[in-house]
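Each chain, written out:
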Amino acid sequence: MTGLERLGTWLVWTMAALCTVFLLTPLVVTSVVSFGSSAVFTLPPPGWSMRWYERLLFARGLMQSLGTSLQIAALSTAISLVLGTLCAIGLVRGQFPGRDAISTFLVSPLMLPGLVIGIAMLQGFKVMGLRAAWPSLLVAHVVITMPYVLRTVHSALSLFDFTMLDAARTLGCSYLRAVWRVLVPALAPAFLTSGMFAFLASMDNYPISIFFTDAWTKTLPIQMLQFVEERPDPTIAAISTGLILLAVLALIIGDRLVGLRRLADF
Amino acid sequence: LKLIDPRLREAGATLGASPLYTFRHIVLPLTLPGAVSGIAFVFSMSVSMFVIPSLLIGDRFQTLSTLTGRSFLLMRDERLGSTTAVVLLFIAVAIVLASTWISRRLGDRS
């Protein structure tokens, strides 16, 4: 190894270490504060306690908004998985003009500013007469989670050999059975990764959800930010630690089932 | 970077190129399209950030997206909000189109 290469390796490792420290510090601080006994954010905490976690259960609206968020996230992920897969099949198999344009358009919510999408849908729903908070939240979340599914399943499908379906059928499978036994297993990793990302994106979304909440229907991020403004105590650190754990759990499950390397490629 | 054939670098080395020369004339031109789309992605992410700026800087400064959000959510000024939203949308679309065009040109050249 030449001196230059050694210098390069050293530089890269230092940079990577510094980036990791920079990214992890806020998460570690949040978790530590959530187990502290002090009511203000002090480091190191004067003592340890679980009181902020107990308070989570009784904080006004927090558990209810967690329920709303979980429902919206689960349902919108499920709808996105179905719709996104159907769109991907149509886009991969179909031969029609404007295919690329449609695919870019469907994925565009990933690239466009969330606020702009939120405002556009707010005014669109108003024109259509959709005013109820829950259904508009659901539709909005389907719009923002579907790109994750479409993108991943699209790239998985372009590697899939569709003649395998024909092969299964010549071997005596019915069409549905062929889809279920051949196509679905081939797409399973794509379903898993994209479903996971879609779920987390929906749980985390603020700039779009904010336009569709009312006094009774609030998603978790909205309720959390409201909480921060009203009374910033470590209860918020406790719920944040819970969310960090959720993300870590998702990563571990993803790693077990498809491998972190493939998740990172996504 | 992963898609670059490692034999290209070896070929450069056997032809007497130093690592820096290989980087400048082989690796860099091949990765530039990816770098351009990365830059565009980061730019459009940060130009449209809403939650983090409003938590970090509060009311002291405004970015285009916090102004947009604020005018809808606090000031109830839909005209101002819609106008800034269109400006934001224009910036985002322009970035995407420009970066696609630039990386295609760079890809053609190398």
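For the structure itself, look to the data block above.
Residues numbered from 1 in each chain as written. Chains lettered and ligands numbered in written order. Predicted model: local features only at pLDDT ≥ 70, side-chain atom pairs only at ≥ 80, totals over all residues. Heavy atoms only, no water.

1. As for the overall build of chain A
This is how the line gets drawn: Helix and strand definitions here come from DSSP, where helices need a minimum of 4 consecutive H or I residues and strands a minimum of 2 consecutive E residues; each element is numbered from the N-terminal end. The buried label applies to any residue whose accessible area, calculated with a 1.4 Å probe on protein chains only, is under 20% of its type's maximum; exposed applies above 50%, and partly exposed to all values in between.
Along its length, chain A carries eleven helices and zero strands. When the helices and strands of chain A are read in sequence order from the N terminus, they spell out α-α-α-α-α-α-α-α-α-α-α. Summarising its shape, the C-alpha atoms of chain A cover approximately 70 × 70 × 35 Å along the three principal directions. Within chain A, the fraction of its 266 residues that count as buried is 39%.

2. Describing the overall build of chain B
Stated formally: In this analysis, two residues are considered to be in contact whenever any of their non-hydrogen atoms come within 4.5 Å of each other. Here the accessible surface of atoms and residues is derived via Shrake-Rupley with a 1.4 Å probe, and residues count as covered only by protein chains that are part of the display. Under the counting rule used here, the positive set is Lys and Arg, the negative set is Asp and Glu, and His together with the chain ends is not counted. Positions of charges follow a simple convention, taking NZ of Lys, CZ of Arg, CG of Asp or CD of Glu.
Looking only at helices and strands, chain B features five helices and zero strands. Its helices and strands in sequence order give chain B the pattern α-α-α-α-α, from N to C terminus. Its C-alpha atoms give chain B principal-axis dimensions of roughly 65 × 30 × 20 Å. Put simply, chain B has 110 residues, and 26% of those count as buried. Excluding contacts between residues fewer than 6 apart, the proportion of contacts in chain B whose partners are at least 24 apart in sequence is 37%. When the accessible surface of chain B is summed, it comes to about 7,700 Å², and 69% of that surface belongs to carbon and sulfur atoms. Taking the 11 positively charged and 6 negatively charged side chains of chain B as two groups, their mean positions are separated by 4 Å.

3. Notes on the interface of chain B and chain A
As a measure of interface size, the accessible area lost when the parts come together is often cited. How we decide: Two parts placed together each lose some accessible area; with a 1.4 Å probe, that loss summed over both constitutes the buried area. Put simply, a salt bridge is a Lys or Arg side-chain nitrogen that is within 4 Å of an Asp or Glu carboxyl oxygen. For this analysis, a polar contact is any N or O atom pair within 3.5 Å, provided that within protein one partner can donate a hydrogen and the other can accept it, and provided that sequence-adjacent residues contribute only side-chain to side-chain pairs. When residues are sorted by character, Ala, Val, Leu, Ile, Met, Phe, Trp, Tyr, Cys and Pro go into the nonpolar class, Asp, Glu, Lys and Arg into the charged class, and all the rest, Gly among them, into the polar class.
Each partner contributes to the interface: chain B provides 22 residues, whereas chain A provides 17 residues. Both faces considered, chain B and chain A share a buried interface measuring about 1,600 Å² in area, 80% of it formed by carbon and sulfur atoms. Linking chain B to chain A there are one salt bridge. Ionic pairing is found between E78 of chain B and K126 of chain A, a salt bridge with its closest N-O pair at 3.2 Å. Where chain B packs against chain A, one counts two residue pairs in polar contact (both at pLDDT 80 or more). Among the secondary structure elements, those contributing two or more residues to the side of chain B that touches chain A are α2 (19-47), α3 (51-57), α4 (64-73) and α5 (78-109) of chain B. The element best represented in the side of chain B that touches chain A is α5 of chain B, accounting for nine residues. When the residues that make up the side of chain B that touches chain A are grouped by side-chain class, the tally is 13 nonpolar, seven polar and two charged.

4. Observations concerning the packing of helix α3 (residues 62-93) of chain A against helix α6 (residues 133-158) of chain A
All names here are of chain A. Operational definition: Fitting a line to C-alpha atoms yields each axis, with helices limited to the stretch in contact; the angle taken between N-to-C directions then spans 0 to 180 degrees. By the definition adopted for this analysis, an angle is roughly parallel if under 35 degrees, roughly antiparallel if over 145, roughly perpendicular if from 65 to 115, and oblique otherwise. Crossing handedness: left-handed means the near helix sits turned counterclockwise from the far one by under a right angle, and right-handed means the same turn made clockwise.
Axis separation between α3 and α6 bottoms out at 6 Å; the angle between their running directions is 45°. If you check the angle between α3 and α6, you find them oblique. You can see that α3 and α6 cross each other, and the crossing is right-handed. Each residue belonging to the contact of α3 with α6 can be placed in one class, and the counts come to 19 nonpolar, nine polar and no charged.

5. Let's talk about the nonpolar core
In summary, soluble globular proteins display a tendency toward joint burial of nonpolar side chains. Definition in use: Residue types Ala, Val, Leu, Ile, Met, Phe, Trp, Tyr and Cys, when buried and joined through side-chain atoms within 4.5 Å, form a set referred to as a nonpolar core.
Ranked by size, the top nonpolar core spans 23 residues in total, and within it M121, Y206, I208, F211 and F212 of chain A carry the most contacts. When contributions to this core are tallied by element, the ones reaching two or more residues are α5 (114-128), α6 and α9 (220-230) of chain A together with α5 of chain B. Ignoring any residue separated from it by four or fewer positions in sequence, one finds F212 of chain A in contact with G118, M121, L122, F125, A133, S136, L137 and A140 of chain A. Of all hydrophobic cores here, the second largest spans 15 residues; its members include V107, L150, V153 and A178 of chain A.

6. Here we look at the environment of F72 of chain B
Residue and element names in this part refer to chain B. Looking at the element boundaries, F72 is found in helix α4. Given the relative accessible area of 4%, F72 is considered buried. Distance from F72 to S82, taken between C-alpha atoms, is 8.4 Å for residues ten residues apart in sequence.

7. Some thoughts on α2 of chain B
Put simply, the test is: Multiplying 1.5 Å by the helix residue count minus one yields the expected span of that helix.
Taking 1.5 Å as the rise per residue, α2 of chain B with 29 residues should run 42 Å; its terminal C-alpha atoms sit only 36 Å apart, a clear shortfall. Those residues of α2 of chain B lying buried are T22, V27, T31, P33, V36, A40, S44 and V47 of chain B.

8. A closer look at the layout of surface pockets
In plain terms, the rule: A 1.4 Å probe that fits but cannot get out identifies a cavity on a 1 Å grid over protein atoms alone, an open set with protein on both sides within 12 Å along at least five of seven lines counts as a pocket, and a residue lines either if it has an atom within 4 Å of a point. Grid points are joined across faces, edges and corners, and a volume is the space filled by probe spheres set on the points.
Empty space within the second largest pocket amounts to approximately 960 Å³. Lining the second largest pocket are 34 residues; nearest its centre among them are Y206 and I210 of chain A together with G69, L73 and L74 of chain B. Where the lining of the second largest pocket is concerned, the elements lending two or more residues are α5, α6 and α9 of chain A together with α3 and α4 of chain B. Taken together, the residues of the lining of the second largest pocket break down into 18 nonpolar, seven polar and nine charged.

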